[in-house]
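Listed below are the residues making up each chain.
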Amino acid sequence: MRRLLLVNALIFAVLASAMGLAYYGYSYTSEVSTREREIIEDTTRDLAEEKVIGIESLITTADAKVFDEVGRAIELDRLRDDLKRIGSEPLVESIYVLDENDQPVLDGLVSRRETDDRLRARTLFLTQIAPTLPLHATPDNVRGHLQGTWDRRTYLFSFMHKTIAGHPYSIVIETNLTYLFINVFPEFFPRSPRLYQLVDKDGVVRYGFDFASDPSNVVIEQPFNETFDKWRLRVAQKDVSSQERAGRRRIMDFVLIGVSLVVILAGLAILALAIRRERRANELKSEFISNVSHELKTPLSIISMFGEMLALGRVKSQAQGTEYAEIIWRESVRLARLIDNVLDFAKIERGVDAYEFTEGDVGEVVERAIELSQHRLAKAAMTIEATLEPELPQVQLDPNAFTLAVLNLIDNAIKYAPEGKKIAVTLAAEDDRVVLRVRDWGPGIERDEQARIFERFYRARSVRLKPIRGSGIGLALVEHIALAHKGGVGVDSAPGEGATFTIWLPVPAGAVVPARRGRTVA
Ligand code: ADP
């Protein structure tokens, strides 16, 4: 009982740890994939930040240089000579130098536009854009910027207020967006392995391609601070193959966890089954021991009783004395057979090679077994009807073992089917086999038990309740003997209609058929 409890506890512990392990594996895998996504997000964010800073610093550096050089030119009164050179900086579209009334100072205007366009842009700047620039709200020497759409076109301006020789000036730079889009952005945003997009405050894509709306894409947004107001750079992981790989690995992990769980569960199920079978075998064994002891005890007590009577001379006549001696002899034969059965069975169980084969005649062996059973048959008021084919081929045979098998079948018929009054034994050659059949007209065997009665220690349900003694090893022994002869056994029975047990032996190719006497025993 304690052992059983321990085994159950062990099974439970293994199950619990398997579940724990599976849970751990599952959460670890999920964590790893979340962590992987976080890493991708982090690197993408760093990259987006780097790109925005790079673009903005290009513009602000160019701006700073222009503010500086324009300031110096005003100071040296060289604006007329220098402004064109200063405006040749590729990131600059136009430079406006304004006085305190926001009017252009003399020669304070340069632009890379064509003449017509330049005039149009100048007018637009002075009438519409300049008034909206917070020129006077920004402290001296501090860069300000404004981006907006005028006349359906986008402009980006940087400006700085400076006081030179006591006069206030505003220097306004219009950034060369064409240069930026055509020359700078392609360098910053190569095609692979990521996708880049510049979107304005309304989410309209101003540069780059539309992303496929794949939710597995990692998309990071980074705003511009010093140039394009409210524009954002969006970076997406274009190459999703690494994510696909991660997904595949996750599936693999789950499959592995699943398979291991199934293996563990199957192992536990097999273990539980083995334990159940072991327990059942143990139960059967103890049942067997009590049955055998009981079977040994009965003939022994009969022998000792009649032996005592003979010894004390308690016999009325010579005939009675002979009868007592016969009883003693019979019971000792029965006892010897039982012991033979048990010993042979034990030998087989231990795996010892218990057989000695010679070429022999099955008919003779069967005849001998019938002779040995005559006394028991007479006592049970039963007759045996034997039909043994006279010319049977010689087979490989252990005569003692085969006799034991036939005796067991006849004994069973006497034990379980005495009401049928007769037993039919037939022996015949059928194809390449020699087949022995022992038929009785007893209670028969339930269908579901027909295979089980050949198991060691198994006794049918119906006989367990009756006072019919047995050990449950007879048929197991019969089957073992038949298999050792490379043959087989079987039973054919319907409840209430008796049973036919069959043993068949193979006939070796080219076996000799001896010229025999005819035989029919009745
Ligand atoms: P035992 O006879 O010692 O119980 P066996 O292995 O010889 O063991 O037989 C196993 C069981 O098969 C028997 O307990 C009995 O239930 C059943 N059995 C065997 N022979 C017959 C038969 N001729 N008729 C009905 N039942 C039988």
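Residues numbered from 1 in each chain as written. Predicted model: local features only at pLDDT ≥ 70, side-chain atom pairs only at ≥ 80, totals over all residues. Heavy atoms only, no water.

A separate point is the site of the ligand. Every one of the 18 residues lining the ligand counts as a neighbour, but Tyr416, Asp440, Arg459, Ser471 and Leu475 are closest to it. Measuring from an oxygen atom of the ligand, one finds a side-chain N or O atom of tyrosine 416 at 2.6 Å. A distance of 2.8 Å separates an oxygen atom of the ligand from a polar backbone atom of leucine 475. Relative to its unbound accessible area of 530 Å², the ligand is 98% covered by the protein chains. Sorting the residues of the shell around the ligand by element identifies helix 8 (399–416) and helix 10 (474–484) as the ones contributing at least two each. Each residue belonging to the shell around the ligand can be placed in one class, and the counts come to 9 nonpolar, 6 polar and 3 charged. (Near = heavy atom within 4 Å. Polar contact = N/O pair within 3.5 Å; in protein donor to acceptor, adjacent residues only side chain to side chain. Areas by Shrake-Rupley, 256 points an atom, 1.4 Å probe, with all protein chains shown as cover. Helix = DSSP H or I, 4+ residues; strand = E, 2+ residues; numbered from the N terminus. Nonpolar A, V, L, I, M, F, W, Y, C, P; charged D, E, K, R; others polar.)

Taken as a whole and judged by the stated rule, the model has 19 aromatic pairs. Measuring from ring centre to ring centre gives 5.9 Å for tyrosine 355 and phenylalanine 357, while their planes differ by 25°; the resulting arrangement is stacked. Exposure remark for tyrosine 355: the relative accessible area of 12% places this residue in the buried category. Given the relative accessible area of 35%, phenylalanine 357 is considered partly exposed. Taken together, a centroid distance of 6.3 Å and an interplanar angle of 65° make the contact between phenylalanine 454 and phenylalanine 501 edge-to-face. Taken together, the positions of phenylalanine 454 in the loop between strand 14 (433–440) and helix 9 (461–464) and phenylalanine 501 in strand 16 (residues 499–506) put the pair 47 residues apart, joining distant regions of the chain. What makes phenylalanine 454 buried here is its relative accessible area of 10%. (Phe/Tyr/Trp six-rings, centres within 6.5 Å; stacked < 30°, edge-to-face > 60°. Buried < 20%, exposed > 50% of the residue type's maximum accessible area, 1.4 Å probe, protein only.)

The next point concerns the pattern of salt bridges. Evaluated as defined, the whole model comprises 25 salt bridges. The residue glutamate 174 makes a salt bridge to arginine 113 at a minimum N-O spacing of 2.7 Å. Residue glutamate 174 is located in strand 5 (residues 167–175), and its partner arginine 113 is located in the loop between strand 2 (104–111) and helix 3 (115–129); the two are separated by 61 residues in the primary sequence. The same class applies to glutamate 174 as to arginine 113, namely buried. When the shortest N-O distance is used, the salt bridge between arginine 337 and aspartate 411 registers 2.9 Å. With arginine 337 in helix 6 (residues 318–349) and aspartate 411 in helix 8, this residue pair connects regions lying 74 residues apart in the sequence. Here the two residues arginine 337 and aspartate 411 agree in accessibility, since each one is buried. (Salt bridge = Lys/Arg side-chain N within 4 Å of Asp/Glu carboxyl O.)

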